[in-house]
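What the coordinates show
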Amino acid sequence: MPDHAARETALFRPHARQVLADDWAVLTKHSFDLRRRDGSWQRLTRETYDRGNAACALLHDPARDCVLLVRQFRLPAFVQGEAGPLIEVPAGRLEGAAAADRMRAELEEEAGVTVTAMTHLFDLYSSPGTVTELQSYFIGTYAPGDLTGPGGGLQDEGEDIERLELPLDEALGMIETGAIRDAKTVLLLQHLALRLARSAAGTP
Ligand SMILES: Nc1nc2c(ncn2[C@@H]2O[C@H](COP(=O)(O)OP(=O)(O)O[C@H]3O[C@H](CO)[C@@H](O)[C@H](O)[C@@H]3O)[C@@H](O)[C@H]2O)c(=O)[nH]1
Ligand SMILES: [Mg+2]
């Protein structure tokens, strides 16, 4: 990733940087001057957590009107009080690869699906107050014959991922009850519902 935090702009003047942790991801404390809207400069410190960029994808089977999701244990959600594993769309870190290529590989690894038709929607910040991550969102279709592998994730990386196929309406209902509360998953399910409603109404 280019080092934009070292760059002086009309808004931002870097002052000092300290790496607080450099292990799984990099936690950095930045000191910088920020130009306020009245033209004055203010010295600030902020921390960034850099775990690279990521991609996520929602696959829909139009014939059965169901979606392909995964369920896995997430420690940060458990720390927050989540009782069990989280239901999510397949997703993964890019590790330097192109987003579409990495996403196809993640779909194989996590959900055992070989995807043919997939469209890039947009790139969104996951949590821009803290995390540098930009996440590429994809949507696509699949059929039962595309479920060619076992999925499950990489055991030697500690992954134990369950594949779920749910009717779209049931998945949308699970957002209302709180059974699905991973933000990227909610966003993609609602995006799909909106797309299908617009296409049924003949709206482009
Ligand atoms: N050793 C170690 N491994 C970690 C750590 N954090 C995560 N891992 C492991 O690293 C792997 C990363 O798997 P990916 O599939 O590449 O990423 P992801 O965790 O699914 O990330 C996606 O989903 C997250 C949850 O919604 C998102 O936060 C993230 O942005 C991304 O979309 C997983 O095996 C995970 O357990 C850590 O601190 N240390
Ligand atoms: Mg993953």
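Since we're looking at a predicted model, the values are computed, not measured.

**Thoughts on the overall build of the chain**
Across its full length, the chain carries four helices and ten strands. Reading the secondary structure of the chain in the N-to-C direction produces β-β-β-β-β-α-β-β-α-β-β-β-α-α. Along the three orthogonal principal directions, the C-alpha set of the chain runs to about 60 × 45 × 35 Å. Burial status across the chain gives 34% buried among its 204 residues. The long-range fraction of contacts in the chain, counting pairs at least 24 apart against all pairs at least 6 apart in sequence, stands at 54%. The averaged location of the 31 negative side-chain charges in the chain is 10 Å from the averaged location of its 21 positive side-chain charges.

**Notes on the packing of aromatic side chains**
In total, this model carries three aromatic pairs according to the counting rule given. Arranged with centres 5.5 Å apart and planes meeting at 55°, the rings of Phe122 and Tyr137 form a pair that is tilted. Here Phe122, found in strand β8 (residues 117-125), pairs with Tyr137, found in strand β9 (residues 134-141); they are 15 residues apart in sequence, far enough to count as distant. Overall, Phe122 belongs to the partly exposed group, its relative accessible area being 27%. The buried category is assigned to Tyr137, whose relative accessible area is 6%. A cation over an aromatic ring shows up here: Arg13 above the ring of Trp41, its NZ or CZ 3.7 Å from the ring centre.

**Some remarks on the coordination of the magnesium ion (ligand 2)**
Taken together, the protein donors to the magnesium ion (ligand 2) comprise Ala91 (O) and Glu110 (OE), at separations of 2.1 to 2.2 Å. With Ala91 in strand β7 (residues 91-93) and Glu110 in helix α2 (residues 99-111), the pair connects residues that are 19 residues apart, well separated along the chain. The residues Ala91 and Glu110 share a single accessibility class, namely buried.

**Some thoughts on the confidence of the model for the chain**
Should the pLDDT be low somewhere, the predicted coordinates at that spot are not to be read in detail. With 100% of its residues at a pLDDT of at least 70, the chain reaches an overall mean of 96. As a predicted assembly, this complex carries a pTM of 0.95 together with an ipTM value of 0.94.

**Observations concerning the site of ligand 1**
Around ligand 1 sit 16 residues in total, of which Arg74, Arg93, Glu133, Gln135 and Lys184 are the nearest. Interatomic distance of 3.2 Å between a side-chain N/O atom of Glu159 and an oxygen atom of ligand 1. Of all the cavities here, the one that holds ligand 1 is the largest pocket. Only β7 and α2 provide two or more residues apiece to the shell around ligand 1. Here the element with the most residues in the shell around ligand 1 is β7; it accounts for three residues. When grouped by side-chain class, the residues that make up the shell around ligand 1 number three nonpolar, two polar and eleven charged.

**Regarding unusual backbone geometry**
Phi is positive for Asp65, which is not a glycine, with a value near 50°. Overall, Asp65 belongs to the partly exposed group, its relative accessible area being 32%. Unlike most non-glycine residues, Glu95 shows phi in positive territory, near 50°. Here Glu95 shows up in the loop between β7 and α2.

**Concerning the environment of Lys29**
Here Lys29 is to be found in strand β2 (residues 26-35). Here the alpha-carbon distance between Lys29 and Gln18, two residues eleven residues apart in the chain, equals 5.1 Å. The residues contacting Lys29, other than those within four sequence positions of it, are Ala16, Arg17, Gln18, Leu20, Thr45, Arg46 and Glu47.

**Description of the nonpolar core**
Burial of nonpolar side chains together is a common tendency in soluble globular proteins. Within the largest apolar cluster, 21 residues are counted, with the highest numbers of intra-cluster contacts made by Leu58, Val67, Leu69, Ala171, Ile180, Leu188 and Leu189. Where this core is concerned, the elements lending two or more residues are β4 (54-61), β5 (66-72), β9, β10 (162-167), α3 (168-177) and α4 (183-201). The contacts of Ala171, once residues within four sequence positions are left out, are Val67, Leu69, Leu166, Ile180 and Leu189. Formed by 17 residues, the second largest nonpolar core is a distinct cluster that contains Leu107, Ala111, Val113 and Met118.

Criteria and cut-off values
Residues numbered from 1 in each chain as written. Chains lettered and ligands numbered in written order. Predicted model: local features only at pLDDT ≥ 70, side-chain atom pairs only at ≥ 80, totals over all residues. Heavy atoms only, no water. Helix = DSSP H or I, 4+ residues; strand = E, 2+ residues; numbered from the N terminus. Buried < 20%, exposed > 50% of the residue type's maximum accessible area, 1.4 Å probe, protein only. Contact = heavy atoms within 4.5 Å. Lys, Arg positive; Asp, Glu negative; His and termini not counted. Charge placed at Lys NZ, Arg CZ, Asp CG, Glu CD. Phe/Tyr/Trp six-rings, centres within 6.5 Å; stacked < 30°, edge-to-face > 60°. Lys NZ or Arg CZ within 6 Å of the ring centre and 35° of its normal. Donors = N, O, S within 2.8 Å, 3.2 Å for Na, K, Ca; no water. pLDDT = per-residue confidence, 0-100. Near = heavy atom within 4 Å. Polar contact = N/O pair within 3.5 Å; in protein donor to acceptor, adjacent residues only side chain to side chain. 1 Å grid on protein atoms, 1.4 Å probe; cavity = no way out; pocket = protein on both sides within 12 Å on 5 of 7 lines; lining within 4 Å. Sits in = over half its atoms within 2 Å of the grid points. Nonpolar A, V, L, I, M, F, W, Y, C, P; charged D, E, K, R; others polar. Core = buried A, V, L, I, M, F, W, Y, C linked by side-chain atoms within 4.5 Å.

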